[in-house]
Amino acid sequence: MWRVGVAVTALSVGLAPASRAATVIHKDHDPDILWKLVSARCSKGTKPCVIYDHSRGIALLHSLEGRGQYLLIPTDKVAGMESTVLLRPETPNYFAEAWSFRDRVGAAYGHPVPDRLLALSINSSRGRSQNQLHIHLDCVDPEVRATLDRYGDRIGPSWSFLPVPLGAHRYRALYLSTLNGSPFRILAGSLAHPEQEMGDHTLVLVPLGSGYALLDDVAHDDDHASGEELQDHACHVLDSEPRSVP
């Protein structure tokens, strides 16, 4: 199986394990490699995508960065957070689609990973390496999980800043009881000029109680708003919790 990895600094494209071949493509060389793979290769077959479903508008790739990380990618050209297409009601709910594949993380580790130990993230336009929207599906950082458990009762239906930083940055949080609404449109509803502002934001989704905490940071100064920082591609959070079915 082909696997594709995306980091803030580089993109790795590897062949199946039997080939023992891999190429590292830095973002300065080709920030459109994800789109080229999905549009030119996955559209003609499954590889390197593990799923390509144009009727649903989604593709799924297994990342080389982290044993269990997957990337949910639109089959249409969507640059990222700044794309106004994300504000349209007919646009697929990419976060809900990505979450529907969460069992694949556990499958990659050989045992189920409880939902509460997972997270979804999308980086801002300043904090990403590729110019095709991709949502990271992987384990949550253990400190982030512990912080949300500690302050979860302060996260409600209105945006509010968490009392402590996450990943050295200040995030605001909102409680979602379901994923029926698009997190992109929920964020846009809190901004004065979403068409101009969305690109500077990052979004992270982490299970909380019977629902989810939606986390938001905005790029400024040295903060590039890379919500992926709240995930752990080595999944150390598994070390502190019993292995159980979600």
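Procedures and definitions
Residues numbered from 1 in each chain as written. Predicted model: local features only at pLDDT ≥ 70, side-chain atom pairs only at ≥ 80, totals over all residues. Heavy atoms only, no water. Pairing = 2+ DSSP bridges. Helix = DSSP H or I, 4+ residues; strand = E, 2+ residues; numbered from the N terminus. Contact = heavy atoms within 4.5 Å. Axes fitted to C-alpha atoms, helices over the stretch in contact; angles between N-to-C directions. Disulfide = S-S within 2.5 Å. Buried < 20%, exposed > 50% of the residue type's maximum accessible area, 1.4 Å probe, protein only. Phe/Tyr/Trp six-rings, centres within 6.5 Å; stacked < 30°, edge-to-face > 60°. Lys NZ or Arg CZ within 6 Å of the ring centre and 35° of its normal. Arc of directions from axis to C-beta.

Colleague: Help me understand the sheet that holds strand β10 (residues 172-176) in this model?
Modeller: As a general point, the strands of a sheet are linked pairwise by backbone hydrogen bonds and lie either parallel or antiparallel. Spatial ordering of the open sheet is given by β4-β5-β6-β8-β7-β11-β12-β10-β9, a layout of 9 strands whose pairing is antiparallel. Each edge of the sheet is formed by a strand with only one pairing partner; in this case those strands are β4 (51-53) and β9 (160-161). The sheet contact formed by β10 and strand β12 (residues 211-218) spans 5 bridges and is antiparallel. Note that in β12 the partner of tyrosine 175 across the bridge is alanine 213. Contacting β11 (201-208) and β12, helix α4 (residues 142-151) crosses the sheet at an angle of about 70° to β11.

Colleague: Sorry, what's going on with the state of the cysteines here?
Modeller: Two cysteines form a disulfide when their sulfur atoms are joined by a covalent bond. According to the stated counting rule, one finds 2 disulfides in the structure shown. Here cysteine 42 engages in a disulfide with cysteine 49; their sulfurs sit 2.0 Å apart. For the disulfide bridge between cysteine 42 and cysteine 49, the dihedral angle about the S-S bond is near 90°, and by the sign convention the bridge is right-handed. With relative accessibility at 1%, the residue cysteine 42 sits in the buried group. Paired through a disulfide, cysteine 139 and cysteine 235 show a sulfur-sulfur distance of 1.8 Å. Looking down the S-S bond of the cysteine 139 and cysteine 235 bridge, the torsion is -70°, so its handedness is left-handed. In this pair, cysteine 139 sits in strand β8 (residues 135-139) while cysteine 235 sits in the segment after β12, placing the two residues 96 residues apart along the sequence. A single burial state applies to cysteine 139 and to cysteine 235, both of which are buried.

Colleague: Quick question: what am I supposed to make of the environment of proline 48 here?
Modeller: Along the polypeptide, proline 48 turns up in the loop between α1 (33-41) and β4. For proline 48, a relative accessible area of 1% translates into the label buried. When the C-alpha atoms of proline 48 and histidine 62 are compared, they prove to be 8.5 Å apart, with 14 residues separating the residues in sequence.

Colleague: Just to check I follow, could you spell out the packing of aromatic side chains for this structure?
Modeller: Between two aromatic rings, the relevant description is the distance of the centres plus the angle of the planes. On inspection of all chains with the given rule, the structure shows 2 aromatic pairs. A cation sits over an aromatic face here: arginine 170 above phenylalanine 161, 4.2 Å from the ring centre. Over the ring of tryptophan 159 we find arginine 172; its NZ or CZ atom is 4.3 Å from the centre of that ring.

Colleague: Sorry, what's going on with the environment of threonine 147 here?
Modeller: Checked against the element boundaries, threonine 147 lands in helix α4. Distance in space between the C-alpha atoms of threonine 147 and valine 164 is 8.2 Å, their sequence separation being 17 residues. With sequence-adjacent residues up to four places away left out, threonine 147 is seen in contact with Val164 and Leu166.

Colleague: Help me out: how do you make sense of the pairing of strand β7 (residues 118-122) in this one?
Modeller: Remember that side chains alternate between the two faces of the sheet whenever the strand is regular. Within β7, 5 of the 5 residues are buried, which leaves it mostly tucked inside the rest of the structure. Burial of β7 is two-sided: the residues Leu118, Leu120 and Ile122 facing one way and the residues Ala119 and Ser121 facing the other way are all buried. Summarising the sheet, β7 and β11 pair through 3 bridges and their orientation is antiparallel. Following the sheet pairing, isoleucine 122 is matched in β11 by leucine 203.

Colleague: Looking at this structure, I do not really get α4. What am I missing?
Modeller: Residues lying three or four places apart along an α-helix face the same way, a consequence of the helix completing one turn every 3.6 residues. Within α4, the full set of buried residues consists of Val144, Arg145, Thr147, Leu148 and Tyr151. Mapping the buried residues of α4 onto a view down its axis gives an arc of 165°, with all of them on the same face. For α4, the exposed residues lying more than 90 degrees away from the buried face are Glu143 and Arg150. In this structure, the buried side of α4 is in contact with β11 and β12.

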